[in-house]
Amino acid sequence: MRDTIATVESFVITIPRDTPYLGALRPGEEANARGYFVRKGNRTVYPAFDRNVLVRLRTRHGVIGWGETYGIVAPRATMAIIDDLLADFVIGTDPFDATATHDRLYDLMRVRGYTGGYYLDALAAIDIALWDIAAQIAGRPLCKLLGGQRRETIPAYLSGLPKPSRPARAMMAAEWQAKGFNAFKFAAPVADDGVEREIETLRETLGPKARIACDMHWAQSAAGARMLIQQMEPHGLWFAEAPVNPEDLDGLAEVAASVSTPIAAGEEWRTAFDAQARLARRACAILQPEMGHKGVTEFMRIAGLAQVHHCEMIPHATIGIGIFLAASLHASAAAAAVTAHEFQHSIVVPNARYLDGAIACEGGEYSLPPGAGLGVRPSAAALAILEQ
């Protein structure tokens, strides 16, 4: 008997952190009354805690699916879009029509700033939950509904070294290398001695075979990015991520054409249209879709573009309790172009208590959560927060 969506609920979950994302606050960085602060290295606002938005869909037959998206700042804006607008257009839909539902919801705001971040974030959370339900009803892991499982494990790179000094960051990387990880990414905004010295120290510590990438956090002009990348290249730079402002498509293409290092981008994109605009300019060699901004439907469309343009795909995954990370891993197991996946250890490890179902990342490789659907759901500890 056909099952359809009966209820749509959104929640915000806030999780304290001992150390803010990317590490301790630098001089001149101070959290305001709402817990927000600005990183001087990239002029971007962050919270001093972890926070995200969860969506719970329930079918008439009682199947529950979970989705997750960003709630870093102003999370109730995203929740209002879900509760006030999208929910009523999702109720009554067939979860196996997830892609069709995604496109119908996307069209609702096409003439009102359809690429707006919060709207597409809200849509991403719903899309993930719909796919979760469909796979549960089918009794199969999500990857099986996305064209089939191509890989059992996914290579992981360690992302972020949130320590207060360059030697301490290198030591942290060495500790993870001893656990079997040999790919790393450091963040330029907190490379206090400059990116060249940062990668030089990491290379000396980790040896010649380690992969080392730099997240440049959209902070440079094209000329400035080119100069910094060329300074890092003698030390074996794996890839340079987000070298220029995201709206500077021509600048991104200029950087890609002027350095030998592969350029990576895509965390902030919301749709395959964003990817196509960069690919048409040959502006990046590595695509980094963030599931929490895109949902399963757009993630897989971007994966298809990566494949036909002969680009690598190394998905991005930062915030959350693990719901959209699980979706990203399932999609990555099905996508031909995927060669690695981000592992945000400073978020995934401490927040594991808020998740039922294992997201294992050991010895430098992810394993898929077992079971039907996403294979994960919020734990009792998470539900206790959500239902307060």
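Our structure is the block above this text.
Note that the coordinates shown come from a computational prediction; the quantities given were computed from them, not determined experimentally. Numbering of residues starts from 1 in each chain and follows the order in which that chain's sequence is written. Residue-level local features of this predicted model are given only where pLDDT is at least 70; pairs of side-chain atoms are given and counted only at 80 or more, and the full residue set underlies all totals for whole chains, interfaces and linings. The side-chain values count all of the structure's non-hydrogen atoms but skip hydrogen atoms and water molecules.

Moving on: the sheet that holds strand β5 (residues 64-70). To summarise the sheet geometry, strands pair through backbone hydrogen bonds and adopt either a parallel or an antiparallel arrangement. With respect to topology, 3 strands assemble into an open sheet ordered β1-β4-β5, the strand pairing being antiparallel. Of all the strands in the sheet, just β1 (5-16) and β5 have a single pairing partner and so form its edges. Put simply, the sheet's adjacent strands are angled 25° from each other on average, direction ignored. Paired strands, in this sense, are two strands between which DSSP finds at least two bridges. Numbering goes from the N terminus for both helices and strands, where a helix is a DSSP run of H or I of at least four residues and a strand is a run of E of at least two. With 7 bridges joining them, strand β4 (residues 49-59) and β5 adopt antiparallel strand pairing. Bridge pairing links V53 to T69 in β5. Across the sheet, helix α3 (residues 117-138) touches β1, β4 and β5, and the angle it forms with β5 is around 155°. Note on geometry: axes are lines fitted to C-alpha atoms, helical ones only across the stretch in contact, with angles between N-to-C directions running from 0 to 180 degrees. Any two residues whose heavy atoms approach within 4.5 Å at even a single point are treated as in contact.

This paragraph deals with empty space enclosed by the protein. Using protein atoms alone on a 1 Å grid, points that fit a 1.4 Å probe yet trap it form a cavity, whereas open point sets bounded by protein on both sides within 12 Å along at least five of seven lines form a pocket; residues with an atom within 4 Å of a point count as lining. Grid points are joined across faces, edges and corners, and a volume is the space filled by probe spheres set on the points. Summed over all chains, the structure comprises 2 cavities of 30 Å³ or more. Within this model, the largest cavity holds a volume of roughly 60 Å³. W218, A242, V244, N245, P246, D248, L249, L252, A265, E268, W269 and R278 together form the lining of the largest cavity. Polar here means any residue other than Ala, Val, Leu, Ile, Met, Phe, Trp, Tyr, Cys and Pro, which are nonpolar, and Asp, Glu, Lys and Arg, which are charged; Gly is therefore polar. When its residues are assigned to classes, the lining of the largest cavity shows 8 nonpolar, 1 polar and 3 charged. Its boundaries defined by the atoms lining it, the second largest cavity holds a volume of some 40 Å³. Along the walls of the second largest cavity sit Y21, L22, G160, L161, P162, A187, V190, Q344 and S346, which together make up its complete lining.

Quick look at the packing of aromatic side chains now. Here a pair means two rings of Phe, Tyr or Trp (six-membered ring of Trp) with centres within 6.5 Å. Their orientation is stacked below 30 degrees between planes, edge-to-face above 60, and tilted elsewhere. Applying the stated criterion across every chain yields a total of 12 aromatic pairs. Ring centres of W176 and F181 lie 5.3 Å apart, and the angle between their planes is 85°; this geometry places the pair in the edge-to-face category. Neither W176 nor F181 differs from the other in exposure class; each is buried. For the ring pair F343 and Y366, a centre distance of 5.9 Å and an interplane angle of 90° mean the geometry is edge-to-face. Residue F343 is located in strand β13 (residues 341-343), and its partner Y366 is located in strand β16 (residues 365-367); the two are separated by 23 residues in the primary sequence. Judged by relative accessible area, F343 falls into the buried class, the value being 2%. Relative accessible area decides the class of each residue, using a 1.4 Å probe on protein chains only: under 20% of the type maximum gives buried, over 50% gives exposed, and in between gives partly exposed. With a relative accessible area of 1%, Y366 lands in the buried category. Lying over the aromatic face of W176, K179 brings its terminal NZ or CZ to 4.0 Å of the ring centre. The criterion is that NZ of a Lys, or CZ of an Arg, lies within 6 Å of the ring centre and within 35 degrees of the ring normal, and then a charge sits over that ring.

By salt bridge we mean one thing: a side-chain nitrogen of Lys or Arg within 4 Å of a carboxyl oxygen of Asp or Glu. Counted according to the given criterion, the structure contains 17 salt bridges. A salt bridge links R301 to E298; the nearest nitrogen and oxygen atoms lie 3.2 Å apart. Here the residue R301 and the residue E298 both occupy positions in helix α9 (residues 291-308), the gap between them amounting to 3 residues, near one helical turn. Here the salt bridges do not stand alone but share partners, grouping R26, R169, D192 and E198 into one network.

Unoccupied space between atoms shows up once a probe the size of one water molecule is rolled over them. A volume near 690 Å³ is recorded for the largest pocket. Of all elements in the fold, only β3 (44-47), β4, α3 and β7 (183-187) reach the threshold of two or more residues within the lining of the largest pocket. Of the residues belonging to the lining of the largest pocket, the class tally is 15 nonpolar, 13 polar and 10 charged. Looking at the second largest pocket, the residues that line it are I15, P16, R17, D18, T19, D50, P162, S346, P350, N351 and R353.

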